[in-house]
Amino acid sequence: MVVTNVTEYQAIAKEKLPKQAYDYYASGAEDEWTLEENRNAFSRILFRPRILIDVSKIDMTTTILGFKISMPIMVAPTAFQKMAHPEGEYATARAASAAGTIMTLSSWATSSVEEVASTGPGIRFFQLYVYKDRNVVAQLVRRAEKAGFKAIALTVDTPRLGRREADIKNRFTLPPYLTLKNFEGLNLGKMDEANDSGLASYVAGQIDRTLSWKDVKWLQTITKMPILVKGVITAEDTRIAIQAGAQGIIVSNHGARQLDYVPATIMALEEVVKAAQGRIPVFLDGGVRRGTDVFKALALGASGIFIGRPVVFSLAAEGEAGVRNVLQMLRDEFELTMALSGCTTLREITRDHIVTEWDAPRARPGPRL
């Protein structure tokens with residue numbers, strides 16, 4: 001089968017993966033309303049393309065936290081990638097590097113920060129969960145910095161794990177041949193079986209529920225890396241994040257895996273962008289499957305987007321080649337969307353290029369008498 005778009009990899013992954021692994025990657029919280037809405041919401045934003053503009057040359061390059069990348073499409077943190085393919089995070093790191101973009105490594109990766117760094121050059125961010133034992137956190141942050149990682153993506157929406165019913169049914173736990181590599185030497189690398197979700201039990205035992213804004217400031221005392229706050233969907237939290245010294249915000253609902261019935265991230269994006277007032281960059285994570293989605297996010301003020309599930313599904317289907325293909329397909333679709341909208345650089349993508357359901361009706365000229 002010739003894969004012509006990113007979404008087609010999901011069906012291939014479903015055929016290839018054990019049910020427990022596929023369900024872990026694919027499922028959302030509770031009724032999975034937000035899971036569907038993360039995709040559906042994009043379809044309610046329409047284009048207002050401009051015509052007769054020279055689009056023979058299109059520049060998609062951008063600069064994120066001072067790092068120049070080939071396109072505003074980056075790789076989100078996704079856990080347990082060796083469950084999808086034996087090469088796991090190694091393959092993803094190489095694919096992102098080849099595409100000239102940023103990879104974010106999950107705290108719960110099945111390859112360590114040092115192992116990912118060993119795959120070669122590349123701009124990499126590190127996603128951080130804050131454990132109850134702050135010495136563990138400090139040690140991990142120092143290791144990431146030493147391994148050449150360039151920023152911390154602090155996940156702030158997971159004081160407890162969302163109710164993912166597929167994982168409860170499957171009694172999800174990591175396969176015995178895999179560990180959380182970053183925690184292997186700290187006796188925190190294994191996940192025990194439980195009566196429901198082994199991951200939920202692990203989170204309940206290890207992740208710090210007391211995490212608060214003061215910890216964003218604490219992190220700044222232990223690292224020189226900029227801190228992006230991942231999991232913000234309101235204007236109120238955006239303003240507090242800026243006051244706390246965050247250097248970027250990732251608008252995310254954790255792939256609809258935490259609290260169900262929160263808005264799609266594309267719906268929350270503009271509120272966050274307006275509250276940020278250009279002081280720090282705002283990124284979108286969740287639901288992106290097309291180059292048109294990327295354009296819509298940038299038109300609403302995002303500085304870039306992150307993709308998660310397309311990476312693990314393409315990894316399961318074709319390993320590194322699959323991830324490379326996903327990044328290339330999204331790049332090609334985004335470039336085409338820019339051309340057909342009359343934009344030759346990212347700066348030219350404006351709010352006037354789209355229309356949303358919450359826009360005021362545009363004034364129409366009255367009939368001539």
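Conventions used here
Residues numbered from 1 in each chain as written. Predicted model: local features only at pLDDT ≥ 70, side-chain atom pairs only at ≥ 80, totals over all residues. Heavy atoms only, no water. UniProt positions renumbered as here; feature names shortened; annotations may be inferred. Helix = DSSP H or I, 4+ residues; strand = E, 2+ residues; numbered from the N terminus. Rg over C-alpha atoms; globule rule 2.2 N^0.38 Å. Buried < 20%, exposed > 50% of the residue type's maximum accessible area, 1.4 Å probe, protein only. Contact = heavy atoms within 4.5 Å. Areas by Shrake-Rupley, 256 points an atom, 1.4 Å probe, with all protein chains shown as cover. Lys, Arg positive; Asp, Glu negative; His and termini not counted. Charge placed at Lys NZ, Arg CZ, Asp CG, Glu CD. Salt bridge = Lys/Arg side-chain N within 4 Å of Asp/Glu carboxyl O.

Within an unreviewed UniProt entry, the label attached to the protein reads (S)-2-hydroxy-acid oxidase, and the organism entered is Deinandra increscens subsp. villosa. Taken from UniProt, the Subcellular location (unreviewed entry) comment for the protein reads in full: "Peroxisome". Word for word, the UniProt comment on the protein under Sequence similarities (unreviewed entry) is "Belongs to the FMN-dependent alpha-hydroxy acid dehydrogenase family."

Undergrad: Residues and numbers for the overall build of the protein, please.
TA: Looking only at helices and strands, one finds 13 helices and 12 strands in the protein. The C-alpha atoms of the protein give a radius of gyration of 20 Å, which matches the 21 Å a tight globule of 369 residues would have. Over its C-alpha atoms, taken along the principal directions, the protein stretches across nearly 80 × 50 × 40 Å. By residue count, 56% of the 369 residues in the protein fall in the buried class. Of all intrachain contacts in the protein linking residues separated by at least 6 positions in sequence, the fraction that spans at least 24 positions is 73%. A total accessible area of about 16,200 Å² is found for the protein, and carbon and sulfur atoms account for 51% of it. The centroid of the 45 positive side-chain charges in the protein is displaced by 4 Å from the centroid of its 41 negative side-chain charges.

Undergrad: Could you give an account of the side chain of Asp260, naming the residues involved and the relevant values?
TA: Within the secondary structure layout, Asp260 lies in the loop between β9 (248–251) and α11 (265–276). No salt bridge is formed by the buried Asp260. Its closest oppositely charged neighbour is Arg309, at 10 Å. If near-sequence neighbours (up to four positions away) are discounted, Asp260 is found in contact with Ala29, Glu30, Asp31, Glu32, Trp33 and Thr34.

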